[in-house]
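Structural overview
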Amino acid sequence: MKQLFKKYNHAWVLLYVFIYLIWFFYLSKASADSYHLVKSSLDDKIPFIEWFIIPYYIWFPYVPVVIAYFFFTSKEDFYRCTGFLFIGMTICLIAYTIYPTGINFQHDLDSLGRSNFMIDMTRLIYSVDPGTNVCPSIHCFNSIGLTISIIKSRRLGKSKLIVTASIILSTLICMSTVFVKQHSIIDVFFAIGLSIIMYFIIYVPNYERLFKKASLEVLEGK
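Residues numbered from 1 in each chain as written. Predicted model: local features only at pLDDT ≥ 70, side-chain atom pairs only at ≥ 80, totals over all residues. Heavy atoms only, no water.

Attention now moves to the side chain of Thr122. Residue position: Thr122 is located in helix α6 (residues 117-128). Given the relative accessible area of 0%, Thr122 is considered buried. Each residue touching Thr122, except ones within four places of it in the same chain, is listed here: Phe48, Glu50, Ile53 and Leu109. (Helix = DSSP H or I, 4+ residues; strand = E, 2+ residues; numbered from the N terminus. Buried < 20%, exposed > 50% of the residue type's maximum accessible area, 1.4 Å probe, protein only. Contact = heavy atoms within 4.5 Å.)

So, on to the environment of Phe179. Residue placement: Phe179 occurs in helix α8 (residues 160-179). The exposure class of Phe179 is buried, given its relative accessible area of 15%. In the structure, Phe179 is positioned 72 residues away from His107 in sequence and 9.8 Å away in space, judged by C-alpha atoms. When neighbours within four sequence positions are excluded, Phe179 is seen to be in contact with Ile46, Pro47, Phe48, Ile49 and Phe52.

A separate point is the packing of helix α4 (residues 53-73) against helix α7 (residues 138-152). With their axes 10 Å apart at the nearest point, α4 and α7 run at an angle of 40° to one another. Taken as a pair, α4 and α7 cross one another with a handedness that is left-handed. Side by side, α4 and α7 meet where Tyr56, Trp59, Phe60, Tyr62, Val63, Val66 and Phe70 of the first sit next to Ile138, His139, Asn142, Ser143, Leu146, Thr147, Ser149 and Ile150 of the second. Looking at the contact of α4 with α7 residue by residue, the class counts come to 10 nonpolar, five polar and no charged. (Axes fitted to C-alpha atoms, helices over the stretch in contact; angles between N-to-C directions. Left-handed = near helix turned anticlockwise from the far one by under 90°. Nonpolar A, V, L, I, M, F, W, Y, C, P; charged D, E, K, R; others polar.)

Turning our attention to the packing of aromatic side chains. As enumerated under the stated definition, the model contains 17 aromatic pairs in all. Relative to Phe200, the ring of Tyr199 has its centre 5.6 Å away and its plane inclined at 80°; by these criteria the two rings are edge-to-face. Overall, Tyr199 belongs to the partly exposed group, its relative accessible area being 27%. Here Tyr199 and Tyr203 contribute two aromatic rings whose centre-to-centre distance is 6.1 Å and whose plane-to-plane angle is 25°, an arrangement assigned as stacked. (Phe/Tyr/Trp six-rings, centres within 6.5 Å; stacked < 30°, edge-to-face > 60°.)

Have a look at this one:
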């Protein structure tokens, strides 16, 4: 049992999920009736396409599956991936707290004159997510972050198939947020910007080398 705890002692990081969920749903209720509208003229030109709800939903298992893979295979990849996602998500929550944002252009599904499974899936999302706390888009930010983590992974990064599949999936997820009218294109651009910042924070510095240097200095009494 001790060996198991030692092997997976990095699980403490996942406690952040509880903090995130409590904070996010609190903000969803707090900003439901009062938020700053986020909208671009480009949003009106983007059509509603219901089949994009499929990649939108794929995001929900995509995030935990990638994190779980890194959890069981590489502590370094796990820490970098969760560091990227969780720090960025916290920045998003802080932004939502200081400057609540939302959209008011979720599509009128009844006006489509048709009914299918994908429209029903979209209707469900609309019922649980009214379109608040949108800028930056966490949906897009996480998708981009996962792709970066996969590309930078020593194992997964070697597989062209996995890297290509991740890039395509993340692109479709980002596109889905605007085609199912859950986000403004502005939210996507802010998510991309935040992802660039987090990349330079998480993946550019050689933290392993810095930690080794700090440890040596401690041992040498410097």
